[in-house]
Amino acid sequence: MNTITKYISITTTLLSLLFLAGCAAQKEVEVAQKKAPPSWYVNPPQTTLTTLYAVGEGEDRDEAVKNALNMMASTLSVSISSQFDSKKVVREGLLNTHQSTVVSKTQSDVKKIRISSYEVVESYALGFRNHIVLIKSQKQKLFESLHSELEQKFALADSQIDSLSSSHVLNKLNGYKKIKDEIKDVPDTLVVMNVLDGSYSSKEHIHKIERIDSAYEKLLSSISVAIECDSDSKHLEAPIREGFSSKGVRISGGKGSTHFRLNVKSNAQKASSYGFTLARYAIEISVHDYKGAVVASNKLNIVGQSTQGYEVAKESVAVKLHDMIKKEGIGKITGLDL
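Remember, it's a predicted structure, so these values are computed and weren't measured experimentally. Residues take numbers from 1 onward in each chain, read along the sequence in its written order. Since the coordinates come from a predicted model, pLDDT governs what is reported: local features require at least 70, and pairs of side-chain atoms require 80 or more to be given and counted, while whole-chain, interface and lining totals use all residues. The basis for the side-chain values is all heavy atoms of the structure; hydrogens and waters are excluded.

Visitor: So what about the sheet that holds strand β4 (residues 224–229)? Which residues, and what values?
Guide: Only strands joined by at least two bridges in the DSSP assignment are considered to pair. Note on conventions: DSSP H or I runs of at least 4 residues are helices, E runs of at least 2 residues are strands, and numbering of each starts at the N terminus. The sheet built from five strands is open, its strands ordered β5-β4-β6-β7-β8 with mixed pairing. Among the strands making up the open sheet, the edge pair consists of β5 (250–251) and β8 (294–306).

Here it is, written out as structure tokens:
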């Protein structure tokens, strides 16, 4: 047998072995996929007055547990819906909207609640990249874990507030904004806790939220801004003024560490295109503190257009700036983190 013949023979043998191995692997997968799911998955235990149950499926155990936790959160939302009317949950002053609105919001946000107290009761490899689990959570333990997390969250908030006491007003404002963002899901947690334990009163935590909100609003209202515009920017003052007023910031000639001066300068260019008169504006915004230091700035490029002349095109720039402020907020437009 010559070399070429030997090479062909060996290659043919290898291809045959690879084909047979592939078939065997495929049969293995097919056999694994034919496993019947266990009874606890087909007919999982029902949630009781004391225990939550949920099943989940995923490519591996971790993913299956994650999906089961999402399913458990969905079960909680159903429980909230059925118990809300009789319990009058979280009505001590924080949420003044109609109850149905609160229920709807809570049901949509309840999946954000982190369920950290749970137990994997059953775990089973149903097939290739196919895992199923059954988990349970004792309602009282879940309540206690949520309560502990809230206490830690508010303790951290108190510590952050203490550290802001000697900070610049803008740093304080930014600090309070971060704290408010960290506790924004607390009302949903309080609703869940009340459903888990009907004897629980959320007044203490609600008052803590209200104190933080009140401190932020008081700080914001202490800030005043004087707006100075060059000749090309005079028509831009109105939307900027309205943006600050909507946030509760005073427009005045104040003084001291909570007073700021906002300068608006524009490079305006007239142009025309396809029968339209264009006003091309390169806008520079700078915010100065009471010492004259620049604490925030931003640059905007806005093009206004009109078939009725340049002055109307300039007004179109003001309208577009108004829309931008309404959509993005005066803080982002001016560079100030309000």
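Visitor: Give a description of the pairing of strand β2 (residues 119–127) that names residues and reports values.
Guide: Successive side chains on a regular strand alternate, one facing one side of the sheet and the next facing the other. With seven bridges connecting them, β2 and strand β3 (residues 130–138) associate as antiparallel partners. Looking across to β3, one finds that Ser 123 is bridged to Val 133. Linking β2 to β3, which pair antiparallel, is a turn of two residues; within it Arg 129 sits at a positive phi near 55°.

Visitor: I'd like a rundown of the side chain of Thr 51, residues and numbers included.
Guide: For Thr 51, the position within the fold is in strand β1 (residues 51–58). Contact criterion: two residues are considered in contact whenever any of their non-hydrogen atoms come within 4.5 Å of each other. Setting aside residues no more than four positions away along its own chain, Thr 51 makes contact with Lys 136, Ser 137, Gln 138 and Lys 139.

Visitor: Which residues make up the confidence of the model for the protein chain, and what values go with them?
Guide: Per-residue confidence from the predictor is given as pLDDT, running between 0 and 100. On average, the protein chain scores 83 in pLDDT, and the residues at 70 or more come to 79%. Note that pLDDT drops below 50 for residues 27–32; the model gives that stretch four contacts with residues more than four away or on any other chain.

Visitor: So what about the pairing of β1? Which residues, and what values?
Guide: Of all the eight residues making up β1, six are buried; the element is thus mostly covered by neighbouring parts of the structure. Alignment of β1 against β3, held across eight bridges, turns out to be antiparallel. Each residue of the ladder has a partner; that of Val 55, found in β3, is Leu 134. Between buried and exposed lies partly exposed: a residue is buried under 20% and exposed over 50% of the maximum accessible area for its type, with that area taken using a 1.4 Å probe on protein chains only.

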